[in-house]
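A structural walkthrough
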Amino acid sequence: GESVGLHLPTLSVQEGDNSIINCAYSNSASDYFIWYKQESGKGPQFIIDIRSNMDKRQGQRVTVLLNKTVKHLSLQIAATQPGDSAVYFCAENMGGGNKLTFGTGTQLKVEL
Amino acid sequence: EPEVTQTPSHQVTQMGQEVILRCVPISNHLYFYWYRQILGQKVEFLVSFYNNEISEKSEIFDDQFSVERPDGSNFTLKIRSTKLEDSAMYFCASSEEVGAHEQYFGPGTRLTVT
């Protein structure tokens, strides 16, 4: 039968260190790749996106890298803070449509 | 800062009953969505809605589900005859434009079917 809940991959980092969260995607036709953050008891929150014709995009304290050759997406968080503790989801969007397809998620734990 | 709101925060219902989950999207947004998240699992797309009609729906969104924008502010998800497997967090989201991947999510309604 279906499991009640899946164990999320967990990344534990020390406060102030850099975090790298990885995601593998399957749909080569996706036009955008997006990172969302979900804090406990809340809905997902947009962090940053990258178009499929780019390989790097930087935001405030975050960088997203896209490697289309191996279908890999990563989110780098600089100087990780306790407030960054959350589950991070990568998502795909096919341009022209609205549907977001989310990945499984990674739990980020920031240790003081 | 404008935000998406959802009511109720938690709904308990018996199997076979109808439930309506309510959402107030951000006021200038034109596209509305429902997603669900079964405990501990990934967020799954259910349906998108624009200009008073469904623009896209997933396989999950079968005949027991329906959406409506009854007035200028509310967006609802109705589940006609709930099943145990409908127990999940249901998130409403909205965005300004088509193809927008920056979707703004509400806090969710936890639906428990007993």
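Preceding this section is the structure that the text describes.
Now for a look at the structure at hand. (Residues numbered from 1 in each chain as written. Chains lettered and ligands numbered in written order. Predicted model: local features only at pLDDT ≥ 70, side-chain atom pairs only at ≥ 80, totals over all residues. Heavy atoms only, no water.)

Quick notes on the overall build of chain B
Note the threshold: Each helix corresponds to a stretch of at least 4 residues labelled H or I by DSSP, and each strand to a stretch of at least 2 residues labelled E; elements are numbered beginning at the N terminus. Taken over C-alpha atoms, the radius of gyration is set against a globule rule of 2.2 Å times the number of residues to the power 0.38. Partly exposed residues are those whose accessible area sits between 20% and 50% of the maximum for their type, while under 20% is buried and over 50% is exposed, using a 1.4 Å probe and protein chains only. Residue contacts are counted whenever heavy atoms from the two residues lie within 4.5 Å of one another. Methods summary: accessible areas were calculated by the Shrake-Rupley approach with a probe of 1.4 Å, and residue burial reflects only the protein chains presented. Two residue types count as positive, namely Lys and Arg, and two as negative, namely Asp and Glu; His and chain ends fall outside the count. To locate a charge, take atom NZ for lysine, CZ for arginine, CG for aspartate or CD for glutamate.
In terms of regular secondary structure, chain B is built from zero helices and 11 strands. In chain B, the succession of helices and strands from N to C terminus is β-β-β-β-β-β-β-β-β-β-β. The C-alpha radius of gyration of chain B comes to 13 Å, within 12% of the 13 Å expected for a compact globule of 114 residues. Taken over the C-alpha atoms alone, chain B extends approximately 35 × 30 × 25 Å along its principal axes. Out of the 114 residues in chain B, the part that is buried amounts to 46%. Here the contacts in chain B between residues at least 6 apart in sequence split such that 54% fall between residues at least 24 apart. Accessible area of chain B: about 5,700 Å², with a carbon and sulfur share of 45%. In chain B, which carries 9 positive and 16 negative side-chain charges, the distance between the mean positions of the two groups comes to 7 Å.

Description of the packing of aromatic side chains
The condition that has to hold: We call Phe, Tyr and Trp rings a pair once their centres come within 6.5 Å, taking the six-membered ring for Trp, and we label the pair stacked below 30 degrees between planes, edge-to-face above 60, and tilted otherwise.
All chains considered together, the criterion is met by 16 aromatic pairs over all chains. Relative to F45 of chain B, the ring of Y35 of chain B has its centre 5.6 Å away and its plane inclined at 75 degrees; by these criteria the two rings are edge-to-face. Placement of Y35 of chain B in strand β4 (residues 31–37) and of F45 of chain B in strand β5 (residues 43–50) is noted, with a sequence separation of 10 residues between them. Residue F45 of chain B is classed as buried on the basis of its relative accessible area, which comes to 5%. By the ring-pair criterion, three or more aromatic residues cluster together here, those being Y36, F46, F89 and F102 of chain A together with Y33, Y35, F45, F91 and F105 of chain B.

Concerning the interface of chain B and chain A
Filter applied, for reference: When two components associate, each loses some accessible surface as probed by a 1.4 Å sphere; the sum of these losses over both components is called the buried area. For the purposes of these results, a polar contact is taken to be a pair of N or O atoms within 3.5 Å, where, inside protein, one atom must be able to donate a hydrogen and its partner to accept one; residues adjacent in sequence count only when each atom of the pair is a side-chain atom. Gly falls in the polar group here, along with every residue not listed as nonpolar (Ala, Val, Leu, Ile, Met, Phe, Trp, Tyr, Cys, Pro) or charged (Asp, Glu, Lys, Arg).
Tallying the contact residues gives 24 residues for chain B and 26 residues for chain A. In total, about 2,000 Å² of surface goes out of reach between chain B and chain A, with carbon and sulfur atoms giving 54% of it. Our count for the chain B to chain A interface comes out at three residue pairs in polar contact (both at pLDDT 80 or more). Looking at the side of chain B that touches chain A, the elements with two or more residues in it are β4, β5 and β6 (53–57) of chain B. Ranked by residues supplied to the side of chain B that touches chain A, first place goes to β4 of chain B with four residues. Of the residues contributing to the side of chain B that touches chain A, the split by class is 11 nonpolar, nine polar and four charged.

A few points about the state of the cysteines
Note on terminology: a disulfide is the covalent bond linking the sulfur atoms of two cysteines. All names here are of chain A. Applicable threshold: Two cysteine sulfurs form what is called a disulfide whenever their separation falls within 2.5 Å.
Evaluated as defined, the whole model comprises two disulfides over all chains. Each sulfur of the disulfide joining C23 and C90 lies 1.7 Å from the other. Disulfide C23-C90: the torsion about the S-S bond is 45 degrees, which places it as right-handed. One end of the pair, C23, is in strand β2 (residues 19–24); the other, C90, is in strand β8 (residues 86–93), and 67 residues separate them in sequence. Take C90: its relative accessible area is 10%, and that puts it in the buried class.

Describing the pattern of salt bridges
Residue and element names in this part refer to chain A. For the record, the criterion: We define a salt bridge as a side-chain nitrogen of Lys or Arg found within 4 Å of a carboxyl oxygen belonging to Asp or Glu.
Within the structure shown, the criterion is met by four salt bridges over all chains. Two residues, E39 and K42, come together in a salt bridge whose shortest N-O distance is 3.9 Å. With a relative accessible area of 46%, K42 lands in the partly exposed category. Of the charged contacts, one joins R61 and D84 as a salt bridge, the two residues approaching to 2.9 Å between their closest N and O atoms. A residue pair is termed long-range when its members are at least 10 positions apart, and R61 in the loop between β5 (56–58) and β6 (62–67) and D84 in the loop between β7 (72–77) and β8 qualify at 23 residues.

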